Amino acid sequence: SRRTAMACRITRFWLGFCVIGVLLGSTPAQAATINWASAQSGDWDDSGKWSPQQVPGAGDTAVISVAGTYEVTIKLAASVAVLTVGGASGTQTLSVEQGRTVGTSATVGANGEVVVTGLGKLLAGGGWNVAGSLSWQAGTIATDVSVSGTLTLSGSAPKSLDGAVLTHAGSGTI
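Residues numbered from 1 in each chain as written. Predicted model: local features only at pLDDT ≥ 70, side-chain atom pairs only at ≥ 80, totals over all residues. Heavy atoms only, no water.

Student: What's the story with the overall build of the protein chain in this structure? I'm lost.
Tutor: Of regular secondary structure, the protein chain possesses 1 helix and 18 strands. For the protein chain, the proportion of its 174 residues judged to be buried stands at 34%. Expressed as a percentage of contacts within the protein chain between residues at least 6 apart in sequence, the contacts between residues at least 24 apart total 23%. Summed over its atoms, the accessible surface of the protein chain is roughly 9300 Å², and 57% of this surface lies on carbon and sulfur atoms. (Helix = DSSP H or I, 4+ residues; strand = E, 2+ residues; numbered from the N terminus. Buried < 20%, exposed > 50% of the residue type's maximum accessible area, 1.4 Å probe, protein only. Contact = heavy atoms within 4.5 Å. Areas by Shrake-Rupley, 256 points an atom, 1.4 Å probe, with all protein chains shown as cover.)

The following block contains the structure:
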């Protein structure tokens, strides 16, 4: 009784102390730089295609720059803090397909290409800077995009600028 009450208080004290220790010791997930691992085409959502083997998340930097010619396809919503597309050689293509969204600020290097198709939608707080090429076949651009490389508008599918400015200082076709 008296001993049991004392044991219960000691147990509660240590249990509370352990819970506080666990809460103070836990840390939120850290943002990471995640690189496309090889010059092979694939889906953005395939964790095995990235290094480390995880799909980039909202706080991460995603880099698609392995030399070679290949395509990374976004079929589901994708959101990263920073996106870089374009390597030293070849053509690294990011394809944003029907009904999908990319939410990020992005830089597309001279060997990078972004293709927007179907109901694909580009979003970003910081805009997109494209030194490579932007092929806009359909969909919506809802962020400012500056293209100093090649801009191609093709197909008869609807294209819309949603509160965005598209500037072009390179070559292109309409």
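Student: So what exactly am I meant to see when it comes to the pairing of strand β15 (residues 150–153) here?
Tutor: Each regular strand carries side chains that alternate between the two faces of the sheet. The sheet contact formed by strand β12 (residues 133–136) and β15 spans 4 bridges and is parallel. Considered in β15, the bridge of Ser135 is made with Thr152. Inspection of the sheet shows β15 paired to strand β18 (residues 171–173) by 3 bridges, in the parallel sense. Within the sheet, the bridge partner assigned to Leu151 lies in β18 and is Gly172. (Pairing = 2+ DSSP bridges.)

Student: Explain the packing of aromatic side chains here, please?
Tutor: Geometry of an aromatic ring pair is reported as the spacing of the ring centres plus the angle between the planes. A complete count under the given rule lists 2 aromatic pairs for this structure. Centroid distance Trp36 to Trp50: 4.9 Å. Interplanar angle 90°. Geometry classified as edge-to-face. Highlighted residues: Trp36 in strand β1 (residues 33–36) and Trp50 in strand β3 (residues 50–51), separated in sequence by 14 residues. The interplanar angle of 75° and the centroid separation of 5.0 Å between the aromatic rings of Trp44 and Trp50 together place this pair among those described as edge-to-face. Both residues of the pair, Trp44 and Trp50, count as buried. Members of the aromatic cluster, each reached through a chain of ring pairs, are Trp36, Trp44 and Trp50. (Phe/Tyr/Trp six-rings, centres within 6.5 Å; stacked < 30°, edge-to-face > 60°.)

Student: Could you clarify how one ought to interpret the side chain of Asp60 in this entry?
Tutor: Following the sequence through the fold, Asp60 ends up in the loop between β3 and β4 (61–64). Here Asp60 sits buried without a salt bridge, and the closest side chain of opposite charge, Lys49, lies 19 Å off (N-O distance). Engagement of the side chain of Asp60 in a polar contact is seen with the backbone nitrogen of Gly57, the distance being 2.7 Å. (Lys, Arg positive; Asp, Glu negative; His and termini not counted. Salt bridge = Lys/Arg side-chain N within 4 Å of Asp/Glu carboxyl O. Polar contact = N/O pair within 3.5 Å; in protein donor to acceptor, adjacent residues only side chain to side chain.)

Student: Just checking my understanding: could you explain the environment of Val115 for this structure?
Tutor: In this fold, Val115 is placed in strand β9 (residues 112–116). Looking at Val115, the relative accessible area reads 11%, which means it is buried. Along the backbone, Val115 and Leu134 are 19 residues apart, and their C-alpha atoms lie at a distance of 6.0 Å. Setting aside residues up to four positions removed in sequence, Val115 forms contacts with Thr93, Leu94, Ser95, Val96, Ser135 and Gln137.

Student: Can you help me understand unusual backbone geometry in this one?
Tutor: Residues apart from glycine generally show negative phi values, whereas peptide bonds are mostly found in trans. Between Ser51 and Pro52 the backbone carries a cis peptide bond, its omega angle lying at 0°. Within the secondary structure, Pro52 sits in the loop between β3 and β4.

Student: Looking at this structure, I do not really get the nonpolar core. What am I missing?
Tutor: If you look at soluble globular proteins, the nonpolar side chains tend to sit buried side by side. Core analysis: the biggest nonpolar cluster contains 31 residues, and Trp44, Ile64, Leu83, Leu94, Trp128 and Leu134 have the highest contact counts within it. No other element matches strand β6 (residues 78–85), which puts 4 residues into this core. Not counting chain neighbours up to four residues away, the residues in contact with Ile64 comprise Trp36, Trp44, Trp50, Tyr70, Val72, Leu83, Thr84, Val85, Gly86, Gln92 and Leu94. (Core = buried A, V, L, I, M, F, W, Y, C linked by side-chain atoms within 4.5 Å.)

Student: What is the right way to look at the side chain of Lys49 in this model?
Tutor: In this structure, Lys49 sits in the loop between β2 (42–43) and β3. Polar contacts involving the side chain of Lys49 include one to the main-chain carbonyl oxygen of Ser41, which spans 3.5 Å. With near-sequence residues (within four places) excluded, Lys49 lies in contact with Asn35, Trp36, Ala37, Gln40, Ser41 and Gly42.

Student: What's the story with the pattern of salt bridges in this structure? I'm lost.
Tutor: Should the charged atoms of two oppositely charged side chains come close, the side chains can pair. Evaluated as defined, the whole model comprises 1 salt bridge. The residue Asp43 makes a salt bridge to Lys75 at a minimum N-O spacing of 3.5 Å. Within this pair, whereas Asp43 is found in strand β2, its partner Lys75 is found in the loop between β5 (70–74) and β6, the two being separated by 32 residues in sequence. Asp43 gets classed as partly exposed once you look at its relative accessible area, which sits at 34%. For Lys75, a relative accessible area of 37% puts it in the partly exposed group.

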